[in-house]
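Working through the structure, step by step
What follows is the residue order along each chain.
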Amino acid sequence: PRKIIIDTDPGQDDAVAILLALASPEDLDVLGVVAVAGNVPLPLTQKNTRIVCELAGFPETKVFAGCDAPMQRKLITAEHVHGSTGLDGPEMADPVMTLQDQHGVDFIIETLRAEPAGTVTLCPLGPLTNIGTAFKNAPDIVEKVQEIVLMGGGYFEQGNITPAAEFNIYVDPEAADIVMKSGVPITIMPLDVTHKALTTKARVDKFRAMGTKVGDMVAAWTDFFERFDKEKYGSEGAPLHDPTVIAYLIQPDLFQGRHINVEIETKSELTLGVTVADWWGVSGREPNATFMKDIDADGFFDLLATRLARL
Ligand code: BDR
Ligand code: CA
């Protein structure tokens, strides 16, 4: 199995991504899960991460708290989508499993230093603060990373937090800039992909039909965060963003995109946090990321249903 570190800000879609990873031990070895401030502040994202690991039946998972604010900016959160806890929807008890004492950024640095070069994949599902900080403080670890597979940005589907920018990149554009310029192989799941992965009724019914606690929770989370897209945009479901990252590691042929140059706008007020994706290859700049555009959405939801049923 491929060794991964999940970096996350749960968030209902983050929660489903964590469940998918923990349900897939033949493909993925989860070395640790690091929480970051994003959808909600850090005290909630680290707690939510533990709730999800316990729900999955893996309370021995190492969970860390990372950075509580972006590298240079004030934190922007997304309670309007995810609710005041970040995991609104079902009733949930407080977690019993403990949080690791070590800072999440130190865990990332220490783990990458200890593992053979090119053997650990980073999976950021929130703002890139922890990874950007780790790369800045310990540049020697950059060459140790096998790949970064992240959810963020957009090209044809531009923004969801501003007209121009996607939430994860917008919250910490300086961190995203460090990551994009790092030289590590990067695969990006932008809004172009995730806006095609909608939680339609038929798909959510499959989670409900599992008749398990996990199935019920996933359906209840989905019901909650869907209301935002349904009420605001009249769409038939919400985009299930973050699990696309984990699905890619398990079944890469579900996705299609291009290897192109991607840079981050860090200066403009109007377009702060844009992923400037050179889709048409007009800049002459070196490709640094595989920017996905299409997803086999039915195949993706089938994978989720099959794997989550194991928990
Ligand atoms: C991203 O922002 C968060 O609200 C979601 O969890 C996802 O990671 C989508 O823009
Ligand atoms: Ca997220």
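The name given to the protein in an unreviewed UniProt entry is Purine nucleosidase, with Yoonia ponticola as the source organism.

Bringing the overall build of the protein into the picture now. When helices and strands are tallied, the protein shows 12 helices and 10 strands. Taken over the C-alpha trace, the protein has a radius of gyration of 18 Å; the compact-globule value for 311 residues is 19 Å, and the two agree within 12%. In terms of overall dimensions, the protein has a C-alpha envelope of 50 × 45 × 35 Å along the principal axes. Residues counted as buried form 52% of the 311 residues belonging to the protein.

Moving on: the pairing of strand E2 (residues 28–35). Along any regular strand, the residues point their side chains to alternate faces of the sheet. Along E2, 6 of the 8 residues are buried, which leaves the element largely enclosed by surrounding structure. Strand direction decides the pairing type here: strand E1 (residues 2–8) and E2, joined by 7 bridges, are parallel. When the sheet's bridge partners are listed, Lys-3 is paired in E2 with Asp-29. For the crossover that starts at E1, traverses helix H1 (residues 12–22) and ends in the parallel E2, the hand is right-handed. In this sheet, strand E3 (residues 63–65) lies alongside E2 in parallel orientation, the contact comprising 3 bridges. Bridged to Val-33 within E3 is Val-63.

Our next topic: the packing of H1 against helix H11 (residues 243–250). Contact geometry for H1 and H11: axes closest at 7 Å, N-to-C directions at 25 degrees. Judged on the interaxial angle alone, H11 and H1 are roughly parallel. Of the residues in H11, those in contact with Asp-13, Val-16, Ala-17, Leu-20 and Ala-21 of H1 are Pro-243, Val-245, Ile-246 and Ala-247.

Quick look at the sheet that holds strand E6 (residues 186–189) now. Strand pairing in a sheet relies on backbone hydrogen bonds. The paired strands run either parallel or antiparallel. Here 8 strands make up an open sheet; going across it, the order is E3-E2-E1-E4-E5-E6-E10-E7 and the pairing mixed. Here the strands that pair on one side only, and so sit at the sheet edges, are E3 and strand E7 (255–260). When the angles between neighbouring strand axes are averaged without regard to direction, this sheet yields 25 degrees. Sheet strands in contact with H11 are E1, E2, strand E4 (120–124), strand E5 (145–151), E6, E7 and strand E10 (289–295), and its direction is about 140 degrees off that of E5.

So, about the packing of H1 against helix H10 (residues 213–233). When two helices pack together, you describe them by how their axes are tilted relative to each other and by the distance separating the axes. The interhelical angle for the contact between H1 and H10, taken along N-to-C directions, is 155 degrees, at an axis separation of 9 Å. The pairing of H1 with H10 is recorded here as roughly antiparallel in orientation. Crossing of H1 over H10 shows left-handed handedness. Of the residues in H10, those touching H1 at Gln-12, Ala-15, Val-16 and Leu-19 are Val-214, Val-218, Trp-221, Thr-222, Phe-224 and Phe-225. Of the residues assigned to the contact of H1 with H10, the class counts are 8 nonpolar, 2 polar and no charged.

Rules used throughout
- Residues numbered from 1 in each chain as written.
- Chains lettered and ligands numbered in written order.
- Predicted model: local features only at pLDDT ≥ 70, side-chain atom pairs only at ≥ 80, totals over all residues.
- Helix = DSSP H or I, 4+ residues; strand = E, 2+ residues; numbered from the N terminus.
- Rg over C-alpha atoms; globule rule 2.2 N^0.38 Å.
- Buried ≥ 20, exposed ≤ 12 C-beta atoms within 10 Å, placed from the backbone.
- Pairing = 2+ DSSP bridges.
- Right-handed = clockwise from strand over helix to strand, strands pointing away.
- Axes fitted to C-alpha atoms, helices over the stretch in contact; angles between N-to-C directions.
- Parallel < 35°, antiparallel > 145°, perpendicular 65-115°, else oblique.
- Contact = placed C-beta atoms within 7 Å.
- Left-handed = near helix turned anticlockwise from the far one by under 90°.
- Nonpolar A, V, L, I, M, F, W, Y, C, P; charged D, E, K, R; others polar.

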